[in-house]
Amino acid sequence: MVEPKYKRILIKLSGEALAGEKGIGINLPTVQQIAKEIAEVHSSGVQIALVIGGGNLWRGEPAAEAGMDRVQADYTGMLGTVMNALVMADSLQQYGVDTRVQTAIPMQNVAEPYIRGRALRHLEKGRIVVFGAGIGSPYFSTDTTAALRAAEIEADAILMAKNGVDGVYNADPKKDANAVKFDELTHVEVIKRGLKIMDATASTLSMDNDIDLVVFNMNEPGNIKRVVFGENIGTTVSNKSTEQGE
């Protein structure tokens, strides 16, 4: 029997991933389809945590640019991530996966507060943990949240599930027909090239904590499982240089 490449993962989903074709709001059939795939991977014994963005409901930076106080705008976005977390947790529960939502902003009637030891205990007991409300502070993206939580729970990899993007390119493939896809990159190369996989803070956190990052197209059914079991899809970013790997 083939063993998973990664034993403990953190899946980073954009908020838009939950919106379906409309791109805004929450589309329950879309959420349920994602939950079904995650539940299938979970059934293989892989420990899973999730961080979901809130861009389908609210974007803090555009709101701030339109005149809203940036701190208030970011807090509003954090609440959007909690809404997404609760909906995803419900769908996972419907597939028989015991799931917990933990939030960086205390809201005891809605979810558990984020406590690292408790999160680790949930994972060890086979529960999925969904982290909401970012890191609880403004000015930090959900990319940074994903990198920080992955480091805290000692995840083997962060799976960056993208909508219709099958990896990392040296240019925008939608605009440049000659764009070249990378199969492997190092964290240092990502930072030096200015490739916008994650924000700079998140990239540095991933590099410093030696966490693999896999960027792949989540719209292809079964891709989450393929990544976890080591199939060569998407782009893998690690601290291992290509020279060392040859």
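Residues numbered from 1 in each chain as written. Predicted model: local features only at pLDDT ≥ 70, side-chain atom pairs only at ≥ 80, totals over all residues. Heavy atoms only, no water.

Asker: How would you explain the sheet that holds strand β10 (residues 212–217) if you had to name every residue and give the values?
Answerer: In spatial order, the strands read β4-β3-β5-β2-β1-β6-β10-β11-β9; together these 9 strands make up an open sheet with mixed pairing. Edge positions in the sheet fall to β4 (112–113) and β9 (184–186), since each of these pairs with one other strand and no more. Here helix α5 (residues 142–152) sits on the sheet and contacts β1 (8–13), β2 (47–52), β5 (128–132) and β6 (157–162); the angle it forms with β1, its principal contact strand, is near 175 degrees. (Pairing = 2+ DSSP bridges. Helix = DSSP H or I, 4+ residues; strand = E, 2+ residues; numbered from the N terminus. Contact = heavy atoms within 4.5 Å. Axes fitted to C-alpha atoms, helices over the stretch in contact; angles between N-to-C directions.)

Asker: Run through the nonpolar core, naming residues and quoting values.
Answerer: The biggest cluster of nonpolar side chains holds 34 residues, and the ones touching the most others in it are I11, L13, I38, L50, M88 and L159. Elements supplying a minimum of two residues to this core: β1, α1 (28–42), β2, α3 (70–94), β5, β6, β10 and α8 (223–228). Examining the composition of this core, we find that 6 residues originate from one element, α1, more than from any other. Dropping the residues within four chain positions of it, I11 is found in contact with I38, I48, A49, L50, V51, L159 and I224. (Core = buried A, V, L, I, M, F, W, Y, C linked by side-chain atoms within 4.5 Å. Buried < 20%, exposed > 50% of the residue type's maximum accessible area, 1.4 Å probe, protein only.)

Asker: Residues and numbers for unusual backbone geometry, please.
Answerer: If you check the backbone angles, E154 has positive phi at about 60 degrees while not being a glycine. Along the chain, E154 turns up in the loop between α5 and β6. At D210, a residue that is not glycine, the phi angle is positive and equals roughly 55 degrees. Looking at where D210 falls in the secondary structure, it is placed in the loop between α7 (200–208) and β10.

Asker: Explain the pairing of β10 to me, and be specific about the residues and the numbers.
Answerer: By the criterion of burial, β10 is predominantly enclosed, with 6 of the 6 residues buried. Residues D212, V214 and F216 of β10 are buried on one face, and the alternating residues L213, V215 and N217, pointing to the opposite face, are buried as well. Relative to β10, β6 runs parallel, the two being bridged by 6 bridges. Residue pairing in the sheet places M160 in a bridge with V215 of β10. Inspection of the sheet shows β10 paired to strand β11 (residues 235–238) by 3 bridges, in the antiparallel sense. Bridged to L213 within β11 is V237.

Asker: Which residues make up the pattern of salt bridges, and what values do they have?
Answerer: Under the definition given, this model contains 12 salt bridges. Residues R70 and E61 are paired through a salt bridge, measuring 4.0 Å at the closest nitrogen-oxygen approach. Take R70: its relative accessible area is 24%, and that puts it in the partly exposed class. Residue E61 is classed as partly exposed on the basis of its relative accessible area of 47%. In this structure, D74 engages R70 in a salt bridge whose closest nitrogen and oxygen atoms are separated by 2.9 Å. Here the residue D74 and the residue R70 both occupy positions in helix α3, the gap between them amounting to 4 residues, near one helical turn. (Salt bridge = Lys/Arg side-chain N within 4 Å of Asp/Glu carboxyl O.)

Asker: Can you explain the side chain of R8? Please cite residues and give values.
Answerer: You can see R8 is positioned in strand β1. Discounting residues that sit within four places of it in the chain, R8 has contacts with Q47, L120, L123, E124, I153, E154, A155, D156 and A157.

Asker: Run through the side chain of N223, naming residues and quoting values.
Answerer: Here N223 shows up in helix α8. Within the structure, the side chain of N223 is placed 2.7 Å from the backbone oxygen of N217, a separation counted as a polar contact. Among all residues touching N223, those that are not within four sequence positions of it are E37, F216, N217 and I233. (Polar contact = N/O pair within 3.5 Å; in protein donor to acceptor, adjacent residues only side chain to side chain.)

Asker: Account for the packing of aromatic side chains, with residues named and values stated.
Answerer: Applying the stated criterion to the full structure yields 1 aromatic pair. Taken together, a centroid distance of 5.5 Å and an interplanar angle of 80 degrees make the contact between Y114 and F131 edge-to-face. Of this pair, Y114 sits in the loop between β4 and α4 (116–124) while F131 sits in strand β5, placing them 17 residues apart in sequence. Across the pair, F131 and Y114 agree in class, each one buried. Seen from the ring of Y114, R149 lies directly overhead, with NZ or CZ sitting 3.7 Å from the centre. Stacked on the ring of F131, the Lys or Arg R149 has its end atom at 5.8 Å from the ring centre. (Phe/Tyr/Trp six-rings, centres within 6.5 Å; stacked < 30°, edge-to-face > 60°. Lys NZ or Arg CZ within 6 Å of the ring centre and 35° of its normal.)

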